[in-house]
Every structure is written in C-alpha cells, then in structure tokens.
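The chain contents come next:
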Amino acid sequence: MVDDPSTDSIVSWSQNCNDSFVVWNHRDLEKHVLPKYFRHNNFSSFIRQLNVYGFSKVDPERWELAHEVFQKGQKHLLKNIKRRKPSSYTSALNHQQHPQGISSSNGSTETEEKESLKDNKNKIIKELVKLSQEQQNMRQCFQFIEQRLDLMEQILQQQLHGMDIRILYIEHKFSEIWNSREICKT
C-alpha cells in the first residue's frame, strides 16, 4: 500500500527517512486505498489497528506513523510485526469483567463488537451530517428558486399592467377617431 507509486499523493514513505510513512490525505485514503486492502474504509479504525500492531505517531503536525521493523524495501521484516499483547492491568480487568472471555458466534470478542458498533455509529453520524448539509443546500436552492419565481411574477404583473394601460389608450384613441368620424358625417 505504501510502496504503490500511484497513491503517493495519498500515502507514501516519509521523505526524510525510510522507517515511517505519511498519510497525506486521509479522506482519499478512506475512499480509494483502504477498501483495496481492508474490509473497512474507516480511517480511525485503520489508525486503531496500526496502534494495536505497535505503530506510533511520529509527527504531531501530520499523520506520520512508524514501527521499528516497518522499513522501506525490507518486506522480509513484516513477519516480525505482531499484535501487541494487552497490558497485565487491561488483561486482569477484562478477565475480571468477562471471566470466560465472551465471544460471539464468529469468534470476535465483545470489545471488538463494541468497536465495530462504534465505527458503525460514527459512519451513521457522518452520513446524517452529510444528509443534513445536503438538505440545507436544497432548502437554499428552493428559496432561491422561490425568490426568482416571485420576481418573475412581479415583472409579468408589471408587463400586464403596462399592456392594460396601452390597450386603454388605444381604445380611447380609437373612440376619439370614431367619434370624430361620426361628427364629420353629419
């Protein structure tokens, strides 16, 4: 994923060193890159997984992440990246809360299911915000169209009023001509 030159504008090796990578555009990463490699396209889930495997953020100003054995051109080292074991405190706390290590039918733990539900909730919230923004944009468009229609109706009314005045004028002139013609006959 990081080695692919076609995605360098989205994610690439750090320019300063070969032992970290930078996510340049997390929105494009979600849209175009993550679905190719993972069952999800959620950036925060991706970062959470990297943390589980020991990756850490290098630069507080950007999404630059590193792992001691994740190095450019050293694919043979990837087998050494292992899932971190939970701390003894976390293990004891989980064991105390769930002595049997409660699992769902597909083998995932309750914690993983909670994380999945949180991710789904976040996706739904994002979608609601997006739909709300779209609704607001539609309202503004309708208001603009309504204003244009009102303006066009006013213009049409003015034009009709002007035509009424012209017709009255023409009728008046026609009447004058008609009356003068009648006078001439007598």
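For every chain, the first residue of its written sequence is number 1, and the numbers climb from 1 along that sequence. Selection of residues for local features in this predicted model requires a pLDDT of at least 70, selection of side-chain atom pairs for listing and counting requires 80 or more, and totals for whole chains, interfaces and linings are taken over all residues. Side-chain figures throughout are based on the complete set of non-hydrogen atoms in the structure, without hydrogens or water.

Points about the overall build of the chain
Move 1: To qualify as a helix, a DSSP run of H or I must reach at least 4 residues; to qualify as a strand, a run of E must reach at least 2; elements of each kind are numbered from the N terminus. The secondary structure content of the chain amounts to 4 helices and 4 strands.
Move 2: Put simply, of all contacts in the chain between residues at least 6 apart along the chain, 40% involve residues at least 24 apart.
Move 3: For every accessible area listed, the method is Shrake-Rupley and the probe measures 1.4 Å; residues are considered covered only by the protein chains on display. Counting only carbon and sulfur atoms, one obtains 56% of the accessible surface of the chain, whose full area is about 15000 Å². We call two residues in contact when some of their heavy atoms are within 4.5 Å.

Quick look at the nonpolar core
Taken as a class, soluble globular proteins show a tendency for nonpolar side chains to be buried jointly.
Move 1: Definition used in this section: a nonpolar core is a set of buried Ala, Val, Leu, Ile, Met, Phe, Trp, Tyr and Cys residues joined via side-chain atoms within 4.5 Å. Think of it in three bands: residues with accessible area under 20% of the maximum for their type are buried, residues over 50% are exposed, and the middle band is partly exposed, with areas taken using a 1.4 Å probe on protein chains only. F21, L29, F46, L50 and F70 are the most contacted members of the largest nonpolar core, which totals 19 residues.
Move 2: Element by element, the count of residues in this core is highest for helix α2 (residues 43-52), at 4 residues.
Move 3: The contact partners of F70, leaving out residues within four places of it in the chain, are V2, W13, N18, D19, F21, F55, L78 and I81.

Examining the pattern of salt bridges
Move 1: In what follows, salt bridge is the name for a side-chain nitrogen of Lys or Arg lying within 4 Å of a carboxyl oxygen of Asp or Glu. For the coordinates displayed, the defined rule picks out 8 salt bridges.
Move 2: E115 serves as the salt-bridge partner of R48, at 3.0 Å between the closest nitrogen and oxygen. With R48 in helix α2 and E115 in helix α4 (residues 110-185), this residue pair connects regions lying 67 residues apart in the sequence.
Move 3: Given a relative accessible area of 31%, R48 falls into the partly exposed group.
Move 4: Residues R48 and D119 are paired through a salt bridge, measuring 2.6 Å at the closest nitrogen-oxygen approach.

Here we look at the sheet that holds strand β1 (residues 11-13)
Move 1: One open sheet accounts for 4 strands, arranged β1-β2-β4-β3; its pairing is antiparallel. Of all the strands in the sheet, the pair left with one neighbour each is β1 and β3 (56-59). Each strand axis lies, on average, 35 degrees off the axis of its neighbour in the sheet, ignoring direction.
Move 2: Bridging between β3 and strand β4 (residues 63-66) involves 3 bridges; their strand directions are antiparallel. Bridge pairing in β4 places D59 opposite E64.
Move 3: Lying on the sheet, α2 is in contact with β2 (20-23) and β4; it crosses β4 at an angle near 25 degrees. Strands qualify as paired when DSSP identifies two bridges or more between them. Between N-to-C directions, angles cover 0 to 180 degrees, with each direction set by a line fitted to C-alpha atoms, over the stretch in contact for helices.

A short note on the environment of E115
Move 1: For E115, a relative accessible area of 25% corresponds to the partly exposed category.
Move 2: Taking C-alpha positions, E115 is 8.6 Å from S45, a pair spaced 70 residues apart along the chain.

Topic: the side chain of E64
Move 1: Tracing the backbone shows E64 in strand β4.
Move 2: Given a relative accessible area of 5%, E64 falls into the buried group.
Move 3: By the criterion applied in these results, polar contacts are pairs of N or O atoms within 3.5 Å in which, for protein atoms, one can donate a hydrogen and the other can accept it, and in which residues neighboring in sequence qualify only through two side-chain atoms. Polar contacts involving the side chain of E64 include one to the side chain of S20, which spans 2.7 Å.
Move 4: Setting aside its immediate chain neighbours within four residues, E64 contacts S14, S20, F21, V22, S56, K57, V58 and D59.

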